[in-house]
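Fold and geometry: a report
Below are the chains, spelled out letter by letter.
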Amino acid sequence: YGPDPRGRLASTRTLWQDFIEDFFSVTGRMGAGRYTLTFFSTILASSGFSQVVGFVGAYYLLGSPVSLTYALTLLTTSISAVTIMTVSAAMLLIAFISQFTISIHRFHDMGRSGVWSVILFLPWLLLFLTGSFIVFTLVAFLVFAFIAFSSGTEGENQYGPDPESSQIRRSGSV
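Residues numbered from 1 in each chain as written. Predicted model: local features only at pLDDT ≥ 70, side-chain atom pairs only at ≥ 80, totals over all residues. Heavy atoms only, no water.

**A look at the overall build of the protein**
Put simply, the rule is: Labels follow the DSSP assignment, with helices taken as runs of H or I lasting at least four residues and strands as runs of E lasting at least two, numbered in each case from the N terminus. We call two residues in contact whenever any of their non-hydrogen atoms come within 4.5 Å of each other. Only the protein chains shown count as covering a residue, and every accessible area follows the Shrake-Rupley method with a 1.4 Å probe.
The secondary structure content of the protein amounts to six helices and zero strands. Going from the N terminus to the C terminus, the protein shows its helices and strands as α-α-α-α-α-α. In the protein, once contacts between residues fewer than 6 apart in sequence are set aside, the share between residues at least 24 apart is 66%. About 10,700 Å² of surface is accessible on the protein, with carbon and sulfur atoms providing 72% of the total.

Below, the structure is given as structure tokens:
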């Protein structure tokens, strides 16, 4: 990305096109490095957004900064809090859907079907069944490690070209 010596973009693809492909398409492959970066970027963005919405909402409802405990108490008892919590929940749902989509790309890179992405529900199922956040955290970490650190198929497979090969996404010029 960025300008080449002639002042043109070095790629016909834009960052926006890559974003759309990563988060809203279930075709293609994604290497381990890009998956890990995308995974953590999504988690940080959604968590940060939810925190900002919560604190802005508390500030809006009270008119001044408050302690976290008081803000949470107020947010859970106020009619306007329902809207704020709905926006936060929607953002977290979008983040989960995007995590599901990027994991499909990653499983495609490993030569597996995108159906393997249902493994993302395992930590949540265990949390529901056991009620233990320790079990949830441990299993979630193991699922992430499996997806992020498993080797991809070298060369082209039935899901597309190798994302780690030379300049697949950045070939051509404008």
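**Concerning the packing of aromatic side chains**
Convention followed: Each pair of aromatic rings taken from Phe, Tyr and Trp, with Trp reduced to its six-membered ring, is defined by centres within 6.5 Å and is described as stacked if the planes are under 30 degrees apart, edge-to-face if over 60, and tilted in the remaining cases. Each ring is checked for a lysine NZ or an arginine CZ that lies within 6 Å of its centre and within 35 degrees of its normal; such an atom marks a charge sitting over the ring.
The full count for this structure, using the stated rule, is twelve aromatic pairs. Counting every residue linked through ring pairs, the aromatic cluster contains Tyr35, Phe39, Phe40, Phe144 and Phe149. It is Arg112 that lies over the ring of Trp116; its NZ or CZ is 4.7 Å from the centre.

**Comments concerning the pattern of salt bridges**
What counts here: By salt bridge we mean one thing: a side-chain nitrogen of Lys or Arg within 4 Å of a carboxyl oxygen of Asp or Glu. We call a residue buried when its accessible area falls under 20% of the maximum for its residue type, exposed when it is over 50%, and partly exposed in between, using a 1.4 Å probe and counting protein chains only.
One pass over the structure, following the stated rule, counts three salt bridges. With its nearest N and O atoms 2.7 Å apart, the salt bridge here joins Arg29 to Asp109. Placement of the pair is Arg29 in the loop between α1 (15–24) and α2 (32–62) and Asp109 in helix α4 (residues 79–109), with a sequence separation of 80 residues. Residue classification places Arg29 among the buried positions, given a relative accessible area of 6%. With a closest N to O distance of 4.0 Å, Arg29 and Asp162 form a salt bridge. You can see Arg29 sitting in the loop between α1 and α2 and its partner Asp162 sitting in the segment after α6 (133–149), a full 133 residues away along the chain. The exposure classification of Arg29 matches that of Asp162, with both residues buried.

**Things to note about the side chain of His108**
By secondary structure assignment, the location of His108 is in helix α4. The contacts of His108, once residues within four sequence positions are left out, are Val26, Thr27, Gly28, Arg29, Ser113, Gly114, Asn157 and Tyr159.

The analysis is restricted to geometry; functional conclusions fall outside its scope.
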